[in-house]
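Chain and residue survey
Below, each chain spelled out in residue letters.
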Amino acid sequence: MKRALIVTDVQNDFCEGGSLPVAGGARVAADIGAVLHHWSSGEPDAPAYDHVVATKDHHIDPGGHWSREPDFKESWPIHCRVGTDGEAFHPNLDPQPFDAIFLKGEHEPAYSGFQGRATGEVLLADWLRAHEVTAVDVCGIATDYCVRATALDAVAAGFSTRVLLDLCAGVAPETSEAAIAELLTAGVTVV
């Protein structure tokens, strides 16, 4: 069984100081960065990942997903616009030893990393299968939106799926709790 870590949307706009900040985003970026550093060092007690991939919101014009008067449910302030610093990975997420980066949401809303494509237009599920991955751990921002959607799509696609809650930041406690309950019901393990 091969396992991959999926680092979800740890971008400047989703951390403190960004256009759509999640409290604790910078801390999560640093904590994931520490895990990645430990993993890439190859030490015997490092996390046992065969691959590490990342997802990014990568918006050009996602239609009604952006709004000047967002409802914060279906529409949001402008965020992760291609070519801006807000789209970049947060600097605390260092190193960035990603085997592939999956970009999502250029011209439509996209919450799940499984909607993203890497170079050559390869979808995340296809990339994981091509690399014989059968199990995934999901972490990042935000627990109640993109982490939730990515984990739900992972388990629906047949991957054994865990969410690493200590390496996630949520938008709000209520919606994060509801997301965790939904993940558990769907067969995702929440660690």
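Fair warning: this is a prediction, and the values are worked out from it, not measured in the lab.

With that settled, the discussion passes to the packing of aromatic side chains. By convention here, two paired aromatic rings are described through the distance between centres and the angle between planes. Throughout the structure, instances matching the rule amount to six aromatic pairs. Aromatic side chains Phe72 and Trp76 sit 5.9 Å apart centroid to centroid with 85° between the ring planes, which places their arrangement in the edge-to-face category. Among the residues examined, Phe72 registers a relative accessible area of 42% and is labelled partly exposed. What makes Trp76 buried here is its relative accessible area of 6%. Taken together, the ring pairs in this structure connect Phe72, Trp76, Tyr111 and Tyr145 into an aromatic cluster. In this arrangement the basic side chain of Lys56 is found over the ring face of Phe89, its NZ or CZ atom lying 4.8 Å from the centre.

Turning our attention to the pairing of strand β6 (residues 133-141). Extensive coverage of β6 is indicated by the burial of eight of its nine residues. With seven bridges connecting them, strand β1 (residues 2-8) and β6 associate as parallel partners. In the sheet register, Thr8 faces β6, and the bridge partner there is Gly140. Strand direction decides the pairing type here: β6 and strand β7 (residues 160-169), joined by six bridges, are parallel. Residue pairing for β7: Val136 is matched across the bridge by Thr161. Taking the sense of rotation as the criterion, the β-α-β connection linking β6, helix α3 (residues 143-156) and β7 turns out right-handed.

The next subject is the pairing of strand β2 (residues 51-57). Across the seven residues of β2, seven count as buried, placing the element largely inside the fold. A two-sided burial pattern is seen for β2, the buried positions comprising His51, Val53, Thr55 and Asp57 on one face and Val52, Ala54 and Lys56 on the other. As judged from the five bridges shared by β1 and β2, these two strands associate in the parallel manner. What sits directly across from Thr8, in β2, is Thr55. In terms of strand pairing, β2 meets strand β3 (residues 100-104) through five bridges, oriented parallel. Each residue of the ladder has a partner; that of Lys56, found in β3, is Leu103.

Moving on: the nonpolar core. Residues Val7, Ile32, Leu128 and Val136 are the most contacted members of the largest nonpolar core, which totals 50 residues. Setting aside anything within four residues of it in sequence, one finds Ile32 in contact with Val7, Val10, Leu93, Cys139, Gly140 and Leu167.

The geometry of α3 relative to helix α4 (residues 173-186) is characterised by a closest axis approach of 10 Å and an angle of 5° between their N-to-C directions. Judged by the angle between their axes, α3 and α4 are roughly parallel. Where α3 approaches α4, its residues Thr143, Asp144, Arg148, Ala151, Leu152 and Val155 are matched on the opposing element by Thr175, Ser176, Ala179, Glu182, Leu183 and Ala186. Residues that form the contact of α3 with α4 fall into these classes: six nonpolar, three polar and three charged.

Turning next to unusual backbone geometry. Each neighbour pair has its own omega, and for Asp94 with Pro95 the value is 10°, a cis peptide bond. With respect to the helices, strands and loops of the structure, Pro95 is situated in the loop between β2 and β3. Look at the link from Ile141 to Ala142: it is a cis peptide, with omega at -5°. Topologically, Ala142 is positioned in the loop between β6 and α3. With a phi angle near 60°, Glu132 is a residue other than glycine that sits in the positive phi range. For Glu132, a relative accessible area of 56% corresponds to the exposed category.

What counts, and at which threshold
- Residues numbered from 1 in each chain as written.
- Predicted model: local features only at pLDDT ≥ 70, side-chain atom pairs only at ≥ 80, totals over all residues.
- Heavy atoms only, no water.
- Phe/Tyr/Trp six-rings, centres within 6.5 Å; stacked < 30°, edge-to-face > 60°.
- Buried < 20%, exposed > 50% of the residue type's maximum accessible area, 1.4 Å probe, protein only.
- Lys NZ or Arg CZ within 6 Å of the ring centre and 35° of its normal.
- Helix = DSSP H or I, 4+ residues; strand = E, 2+ residues; numbered from the N terminus.
- Pairing = 2+ DSSP bridges.
- Right-handed = clockwise from strand over helix to strand, strands pointing away.
- Core = buried A, V, L, I, M, F, W, Y, C linked by side-chain atoms within 4.5 Å.
- Contact = heavy atoms within 4.5 Å.
- Axes fitted to C-alpha atoms, helices over the stretch in contact; angles between N-to-C directions.
- Parallel < 35°, antiparallel > 145°, perpendicular 65-115°, else oblique.
- Nonpolar A, V, L, I, M, F, W, Y, C, P; charged D, E, K, R; others polar.

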